[in-house]
Amino acid sequence: EVVESERGVVTSERSTGFENSNVRLMMMELKGIGFRAHPYSWPVIGHQSDIDRWTLQDLQDFHRRYYAPNNALVVIVGDVQLANVQALAKKYFEPIAAQPAPEPVRTIEPQQKGERRSYVHKASVSAPNIMMGFHVPNTRHQDYYPLAMLSAILSGTDSARLERALIDGQLATETWAYLPESIDPNLFYIYARAASGVTAAELERTIIAELNRIAIEAPSQAELDRVKKQARVDFYRGLATINGKADTLGSYATYHGDYRKLFGAADAMAKISAADVQRVAAEYLRRANRSVVVLDSAVDSREGDR
């Protein structure tokens, strides 16, 4: 009875989420065309057919496999004593039996060798939306910090390149770039929502022009220094709270491979050069490495397109 109740809750969450969030809908579609082999192609919440067919045994097996102490990372931050932490861990975690380690993901996503495109029709959309994804290495890779600087140069502040070209240029009402932390290679995302009267094609041309520009010509030192300073501020601001310390420790342990790498993060960001940013832009933000999703309410009237 509980499973059937939750099945309805998750079904509602999935349908409402995709109905109310254009970004979620587009990201699901983009991952679906961007990844052909790796499990990152699947939405975390699952496809509706998955939700429809859960069994109680499925849920119990999943919980047993993944929610075991030997598959957990615990971060404890605050005014605590190590001996007390160890005693509590022994009391509450030790009685829970370890389980066989989950099977690692063995699939390696094949190199993308050509642009992939998808069009999503949604009648309620008032203006075209566009999302691009470019394959990039995982967070442990040496290119992570140059890619993070590239993301900051493209988006995030009023003086960022996509904001100037799209928002100031009155082509878009919203735009952002996003580089997720991930265990396996992932996508570098770029999103924009068109201003009134602007077509998806106009929006895409301008975005691509900005990406090509930074791949051909390195950012200025002043531009790079600005994003480095902001990245440093954001990093230390994240460590200012108890929750922020715990989250940063956990993120570095999980995605960077060792929590101690956080102590060298500021220096690692400071060492990134303009040439590094130009290099990763040229290497990863290429047409052959690009997947594009357009979300619009327009009906394409070209012959053969329905």
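Given the structure is predicted, the values throughout are model-derived calculations rather than measurements.

A.B. asks: Please provide a residue-by-residue account of the environment of Gly 238, values included.
C.D. replies: Along the chain, Gly 238 falls in helix α9 (residues 221–238). A C-alpha to C-alpha distance of 7.5 Å links Gly 238 and Thr 248, two positions ten residues apart in sequence.

A.B. asks: So what's going on with the pattern of salt bridges? Residues and values would help.
C.D. replies: In this structure the tally under the stated criterion is 15 salt bridges. Here Asp 61 and Arg 64 are joined by a salt bridge, their closest N and O atoms 3.0 Å apart. Remark: Arg 64 and Asp 61 occur in helix α4 (residues 56–66); sequence separation between them is three residues, near one turn of the helix. Asp 61 gets classed as partly exposed once you look at its relative accessible area, which sits at 27%. Residue Arg 64 is classed as partly exposed on the basis of its relative accessible area, which comes to 41%. Notably, a salt bridge pairs Arg 193 with Glu 174, separated by 2.6 Å at the nearest N-O pair. Here the residue Arg 193 occupies a position in strand β4 (residues 186–194), and Glu 174 occupies one in strand β3 (residues 172–178), the gap between them amounting to 19 residues. When salt bridges with common partners are traced through the structure, they connect Glu 115, Arg 117, Glu 204, Arg 287 and Arg 290 into a single cluster.

A.B. asks: Just give me the short version of the side chain of Ser 182, but keep the residues and values in it.
C.D. replies: Here Ser 182 is to be found in the loop between β3 and β4. By relative accessible area, which is 3% here, Ser 182 ends up buried. A polar atom in the side chain of Ser 182 sits 2.7 Å from the backbone oxygen of Asp 184. Excluding its chain neighbours within four sequence positions, the residues that come into contact with Ser 182 are Tyr 40, Asn 138, Thr 139 and Tyr 255.

A.B. asks: Provide a residue-level description of the packing of helix α6 (residues 144–154) against helix α12 (residues 274–284), including the pertinent values.
C.D. replies: One can describe the packing of α6 onto α12 by two numbers: an axis separation of 9 Å at closest approach and a directional angle of 90 degrees. As the angle between them shows, α6 and α12 are arranged roughly perpendicular. Taking contact as the criterion, the partners of Pro 146, Leu 147, Met 149, Leu 150 and Ile 153 in α6 are, on α12, Asp 276, Val 277, Arg 279, Val 280, Ala 281 and Tyr 284.

A.B. asks: Break down the sheet that holds β4 for me, citing the residues and quoting the values.
C.D. replies: Across the sheet, five strands lie side by side as β1-β5-β2-β4-β3; this open sheet has mixed pairing. Of all strands in the sheet, those bounded by a partner on one side alone are β1 (116–121) and β3. Direction aside, neighbouring strands of the sheet carry axes that sit 15 degrees apart on average. By the bridge criterion, eight bridges tie strand β2 (residues 129–136) to β4 in an arrangement that is antiparallel. Residue pairing for β4: Val 136 is matched across the bridge by Asn 186.

Definitions and limits used
- Residues numbered from 1 in each chain as written.
- Predicted model: local features only at pLDDT ≥ 70, side-chain atom pairs only at ≥ 80, totals over all residues.
- Heavy atoms only, no water.
- Helix = DSSP H or I, 4+ residues; strand = E, 2+ residues; numbered from the N terminus.
- Salt bridge = Lys/Arg side-chain N within 4 Å of Asp/Glu carboxyl O.
- Buried < 20%, exposed > 50% of the residue type's maximum accessible area, 1.4 Å probe, protein only.
- Polar contact = N/O pair within 3.5 Å; in protein donor to acceptor, adjacent residues only side chain to side chain.
- Contact = heavy atoms within 4.5 Å.
- Axes fitted to C-alpha atoms, helices over the stretch in contact; angles between N-to-C directions.
- Parallel < 35°, antiparallel > 145°, perpendicular 65-115°, else oblique.
- Pairing = 2+ DSSP bridges.

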